[in-house]
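# Structure at a glance
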Amino acid sequence: MIKLTINGVPCTGEQGETILEIARRHGIEIPTLCHDDRTAHYGACGVCVVEAEHTPKLLRACSTVAGDGWVVHVDGPRAKQARKIALELLMSDHDGDCLGPCRLACPAGTDCQAYVKQVALGDTREAVRIVKEHLPLPASIGHVCPHPCEKDCRRNLVEEPISIANIKRFMAMDMLDKADKWKPEKAAPTGKKVGVIGGGPGGLTAAYYLALKGHDVTVTDFMPKMGGMLRYGIPEYRLPKAVLDAEIAEIAEAGVKYENNVTVGSGVSFEEYRSRFDAVVLAIGAWKSTPLGCPGEELEGVYGGIDFLRSVALFAPKDIGKRVAVVGGGNTAMDACRTAVRLGAEKVYIIYRRTRGEMPANADEIEEAMEEGVEFKFLTNPAELIGEKGRVKAVKLQVMELGEPDASGRRSPVPVEGKFEALDVDSVIAAIGQRVDPAGFEAVGLNKRGIIAADEATFMTDVEGVFAVGDATNKGADIAIAAIGEGGKAADVVDSWLRGDMKPYRKPFVSRRTVTAADYADRERLARVKASNRPAAERKGDFLPVTNGFDREQAMREAKRCLECGCHDYGECSLIKHADAARVEPDRFAGEKRRRGSETRLAVIERDEGKCVLCYLCVRVCDEVAGEGLLGMVGRGFKTVIKPEFRGTDRVKVCATCKKCAEACPTGALKII
Ligand code: SF4
Ligand code: SF4
Ligand code: SF4
């Protein structure tokens, strides 16, 4: 027997045992890619290197026989650096997508590829289970999300993106009132109490995941009902509030308690509120409309976009008259102008200082507003609001032209000197932005823009135990799914903080492919399935939903168009696990990648050469474990590839029942099909 120390742990081993074997028996992990206990030591990947105090050389743990009295460090600085370089070199020639671009583009990280697949298979219950890992309001978000996922969808390189938001809407609506709908499991009670101030998408999300982790969570909101901007900022024709109500009720079923009509910071002091809880999450949103900043703004009949939409949601709409000018080019402006149409305004204008090409609003929203008769006054900006007897009666417009691009990359609007227009109006709605009102929360620090400053990795504010997410923090107002993404990540951090070991959020490293349309040239062109809208003449007279959404057949047909871009092995892949742990930066070694394809000569196994890291484990397993020797290396040096070599046509049948190479492969290069 020999005695040695690994990572400070006293270990014993038998003569002839390797460092890796001894470490594993003592529960100490040493990363490896190419090692398999069933095969002879090979030492190809260089990932298992460790340091030992008796030698300046780095040792390969898989093939170094341990000696008596050795002191071994798995994560010494030199070993870590060498491991990192080994992984970076492997990754620099690795051609695979760990996750679908859709998932990477979703601010909440929802697994679009997985739930789209379940819809294609007809299993909406499983689809909802998957989406609720990151998003507790899938039906509501399926109605309103501007779907950044679709912009990055790989199907854009074939013809049109997958209609991910419509698929999500269908599957969530399909399950919403089902008796056998999926219900989440809750962890045992922790005895910790969390208060969430603000019942919008970010606050509700943080509350839901914290409740599932066993905490006693209360959401407190100043409005009569929960939902925040989803309820008070998005019109009924885009998101029926019965849908939102049903999902808010599901969050309550998970154990979240609600307190409405309570204004923390004025009715109840923040300090008083904090004293009730072990941790507090601020999700107070951005409820103040940005002013226009032109003369006449104080006149009657001039409203903020959010204030106007909220008045309609509370069934007490502002007096807008018959001629309405809405200023702005974003989705709030579209919501405001289309709501004005539905309230009976005869003439509704959009005043926007750039052109249609620069409008931040959804293309569908712009199109539908135009169909409903809204007139777009592009390249104009309010110079003055003109009143009569204290009420606005006209807006003087400065004519603009486009100049040089600004920081956002869009061309800047520049006034055309001396050129003005006038519009007769009964009201003006300023939908040019939203701001945070931090009154009552002075105890937490604000950034230069007057917005709550929260650490980007821990979500903690200046005050210990007080976290903040969503529109009220850092960069300000954003889309609902962005607040949901922060709410989910913050829930993990708050949970870890409550358990005494705070784990800041860290974006994981993933491998990404660079592809062009040529990579998909052989794909069949399949038209995107379109959800139908009610005719404009009919829908502009009511607040019923504009779009009919997908039925089951449409959703399944559309879901089947998915290219399934993300790797089947993410979650099991040793390469990405070690690369992420080592915080690799493979761009340091970036060069031309060997563009390799997939093939299925192994009958039940698809081989993706782009994902192969040449660890030769499959070759050794086929030879030494399966006793077949069907795989071998072809070529030399940089051009080496692993290929099957069948001696006789019936040999391929062996693979159908064996599959040992695919099971051993440490990456997703071999996929059992
Ligand atoms: S093989 Fe591993 S690293 Fe490569 S794409 Fe698949 S999961 Fe990512
Ligand atoms: S084709 Fe499917 S997996 Fe690929 S990006 Fe689009 S939705 Fe995601
Ligand atoms: S295919 Fe073979 S050589 Fe390539 S990574 Fe998998 S086991 Fe290693």
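Now for a look at the structure at hand. (Residues numbered from 1 in each chain as written. Chains lettered and ligands numbered in written order. Predicted model: local features only at pLDDT ≥ 70, side-chain atom pairs only at ≥ 80, totals over all residues. Heavy atoms only, no water.)

## A closer look at the sheet that holds strand β9 (residues 279-282)
The strand order β8-β7-β6-β9-β20 describes an open sheet built from 5 strands, whose pairing is parallel. Pairing within the sheet leaves two strands with one partner each, and these edge strands are β8 (257-259) and β20 (466-468). Shown here is a sheet whose adjacent strand axes are inclined to one another by a mean of 20°, direction ignored. Note: β9 against β20, 3 bridges, orientation parallel. Note that in β20 the partner of Val 281 across the bridge is Phe 467. (Pairing = 2+ DSSP bridges. Helix = DSSP H or I, 4+ residues; strand = E, 2+ residues; numbered from the N terminus. Axes fitted to C-alpha atoms, helices over the stretch in contact; angles between N-to-C directions.)

## Structural notes on the site of ligand 3
What surrounds ligand 3 is a group of 13 residues, the closest being Cys 612, Cys 615, Tyr 616, Cys 618 and Cys 665. Looking at the shell around ligand 3, its residues break down into 12 nonpolar, 1 polar and no charged. (Near = heavy atom within 4 Å. Nonpolar A, V, L, I, M, F, W, Y, C, P; charged D, E, K, R; others polar.)

## Remarks on the site of ligand 2
All residues adjacent to ligand 2 are Pro 101, Cys 102, Gln 113, Cys 153, Arg 154, Ile 162, Ile 164, Cys 562, Leu 563, Glu 564 and Cys 565. The residue makeup of the shell around ligand 2, split by class, is 8 nonpolar, 1 polar and 2 charged.

## Details of unusual backbone geometry
Not every positive phi belongs to a glycine, and Leu 379 is a case in point at roughly 55°. The residue Leu 379 is located in the loop between β14 (375-378) and β15 (380-388) in this model.

## Digging into the state of the cysteines
Each disulfide consists of one covalent bond between the sulfur atoms belonging to two cysteines. Following the criterion strictly, the structure yields 0 disulfides and no others. Free cysteine: Cys 294, not disulfide-bonded; nearest cysteine sulfur from Cys 337 at 19 Å. (Disulfide = S-S within 2.5 Å.)

## Some words on the environment of Tyr 352
If you trace the backbone, Tyr 352 turns up in strand β13 (residues 347-352). According to the relative accessible area criterion, Tyr 352 is buried, its value standing at 6%. Each C-alpha atom, one on Tyr 352 and one on Met 400, is 9.5 Å from the other, the two residues being 48 residues apart in sequence. (Buried < 20%, exposed > 50% of the residue type's maximum accessible area, 1.4 Å probe, protein only.)

## Considering helix α11 (residues 241-253)
Here α11 is 13 residues long and its end C-alpha atoms lie 18 Å apart, about the 18 Å a rise of 1.5 Å per residue gives. Listing the buried residues of α11 in full gives Lys 241, Val 243, Leu 244, Glu 247, Ile 248, Glu 250 and Ile 251. In this structure, the buried residues of α11 make contact with α6 (138-144), α8 (164-176), α9 (201-212), α10 (229-232) and β8. Positive backbone phi, approximately 110°, marks Gly 255, located one or two places after α11. (Expected span 1.5 Å × (residues − 1). Contact = heavy atoms within 4.5 Å.)

## Quick word on the nonpolar core
Core analysis: the biggest nonpolar cluster contains 68 residues, and Tyr 115, Ile 141 and Val 281 have the highest contact counts within it. Looking at this core, the element that brings in the most residues is α9, giving 8 residues. Residues in contact with Val 281, not counting those within four places in the same chain, are Val 194, Gly 195, Val 196, Ile 197, Ala 206, Leu 210, Phe 467, Val 469 and Val 494. Counting 25 residues, the second largest nonpolar core, distinct from the first, contains Leu 309, Val 326, Ala 333 and Tyr 352. (Core = buried A, V, L, I, M, F, W, Y, C linked by side-chain atoms within 4.5 Å.)

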